[in-house]
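Structural overview
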Amino acid sequence: MYNPQQKEYKQYICDRESPLLEYLLATLHGTRSKIKATLQGRGIKVNGRVVTQYDYPLTPGTRISVSNSKRNDNFKSRYVSIVYEDQYLIVIDKKPGILSMAAGRSSLNVKSVLDDYFKRTRQKCHAHVVHRLDRDTSGLMIYAKDMDTEQILEHEWHDIVYDRRYVALVSGEMTQQSGTIANWLKDNSAYVTYSSPVDNGGKYAVTHFQLLDNSTEHSLVEYRLETGRKNQIRVHTADMGHPVCGDVKYGNGDNPLHRLCLHAYVLCFYHPITRRPMEFSTLIPSKFKEIINKDKIRRQHTP
């Protein structure tokens, strides 16, 4: 995938079956933390492909390349971070403010960013969209690198993806600790999604939620999707009287961070080719927690 000068990498040939991290610990002289930093920094390649997964399986004859620096700088974007990559797919962490795919000639979108990266690193592939996040929603996404992988993900999505969770900062003090919201979602003529407790010709949607923290002004809530409908979390949490902060479409004007406070932070799926479980998570955005803590401090100092 990359084409660095040979002197920038040390080459190793695996002589046994072993998880990648275990092999590197036994072969290199670095500490566990240093080797993990090199993996996370995308400085390890297996048979020419960047690998970041600690338990990636090695077999005898596999070629491992280790960067002399812990970070590989072939990819730079203020809107996208690469979490995992192999020859079939790429998992990214999207920042708010960028579309998942193009919606106009000059629109900023993740697919174009990845296609440019593939071109610069001489990969003969394109990013294929298999699911989407709204422009102002941040978090984890999968893109296929070939049409066969895209088709498998598209047609077997509900069997392949076994855990998909979001975290949101919502308006108001939610008191219910956990529960499930289920109803039918349908767009009206203005493309605004609305819900109905009875079948309205739309799609049935199920969202499970769990309260993580709250103040008298805001709540931090985890949402686990059983179905993946358009604007599902945004509509369901608004139905509960606690819309996502910063939601100009379904919200109440509460916008403490000047962004849609919704983040896709857990994504677990079976690899469409190898069928191995792939589990990814990101940290809950610190600013979400800061709002809750500021609310609590302000409450303590209010006479």
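Residues numbered from 1 in each chain as written. Predicted model: local features only at pLDDT ≥ 70, side-chain atom pairs only at ≥ 80, totals over all residues. Heavy atoms only, no water.

**Quick notes on the nonpolar core**
Ranked by size, the top nonpolar core spans 44 residues in total, and within it I90, I92, L114, Y143 and Y223 carry the most contacts. What Y143 contacts, discounting residues up to four positions off in sequence, is L89, I90, I92, S100, V110, K111, L114, A127, H128 and V129. In terms of nonpolar packing, the next biggest core, distinct from the first, is built from 15 residues, I160, V161, F269 and M278 among them. (Core = buried A, V, L, I, M, F, W, Y, C linked by side-chain atoms within 4.5 Å. Buried < 20%, exposed > 50% of the residue type's maximum accessible area, 1.4 Å probe, protein only. Contact = heavy atoms within 4.5 Å.)

**Some remarks on the packing of helix α1 (residues 20-27) against helix α2 (residues 32-40)**
Relative placement of two packed helices is described by the angle separating their axes and the distance separating the axes. Relative to each other, α1 and α2 sit at 130°, their axes nearing to 10 Å. For the element pair α1 / α2, the angle class is oblique. The handedness of the crossing between α1 and α2 is right-handed. Contact residues: L20, L21, L24 and L25 in α1; R32, I35, K36 and L39 in α2. Its residues assigned to classes, the contact of α1 with α2 comprises six nonpolar, no polar and two charged. (Axes fitted to C-alpha atoms, helices over the stretch in contact; angles between N-to-C directions. Helix = DSSP H or I, 4+ residues; strand = E, 2+ residues; numbered from the N terminus. Parallel < 35°, antiparallel > 145°, perpendicular 65-115°, else oblique. Left-handed = near helix turned anticlockwise from the far one by under 90°. Nonpolar A, V, L, I, M, F, W, Y, C, P; charged D, E, K, R; others polar.)

**Regarding helix α6 (residues 232-239)**
Taking burial as the measure, the eight residues of α6 include six buried ones, the bulk of the element. Turning to α6, its buried residues number three or more, namely Q232, I233, R234, V235, H236 and T237. On its buried side, α6 packs onto β11 (161-171), β12 (178-187), β13 (193-196), β14 (203-214), β15 (218-225) and β16 (262-270). Phi for G241, located one or two positions after α6, is positive at around 85°.

**Regarding the layout of surface pockets**
Quantified by volume, the largest pocket comes out at close to 960 Å³. Mapped onto the lining of the largest pocket, the elements with two or more residues apiece are α4 (147-155), α5 (157-160), β11, β12 and α6. Each residue belonging to the lining of the largest pocket can be placed in one class, and the counts come to 13 nonpolar, eight polar and 13 charged. (1 Å grid on protein atoms, 1.4 Å probe; cavity = no way out; pocket = protein on both sides within 12 Å on 5 of 7 lines; lining within 4 Å. Points joined across faces, edges and corners; volume = space filled by probe spheres on them.)

**A look at the sheet that holds strand β1 (residues 9-13)**
Read across the sheet, four strands follow the order β1-β6-β3-β4 without closing on themselves; strand pairing throughout is antiparallel. Two strands close off the open sheet at either side, each with one partner strand: β1 and β4 (49-50). Where strand β3 (residues 44-46) lies against β4, two bridges are found, and the strand directions are antiparallel. The residue of β4 that forms the bridge with K45 is V50. (Pairing = 2+ DSSP bridges.)

**What about α4?**
Turning to α4, its buried residues are T149, E150 and L153. In an axial view of α4, the angular spread of the buried residues amounts to 100°, which keeps them on one side of the axis. Exposed positions of α4 whose direction lies more than 90 degrees from the buried face are D148 and H155. Next to the buried residues of α4 lie β9 (128-129), β10 (138-144) and α5. Between the side-chain oxygen at the start of α4 and the backbone nitrogen of D148 there is a gap of 3.1 Å, and the oxygen is on D146. (Arc of directions from axis to C-beta. Polar contact = N/O pair within 3.5 Å; in protein donor to acceptor, adjacent residues only side chain to side chain.)

Read these as layout, nothing more, since geometry by itself doesn't imply function.
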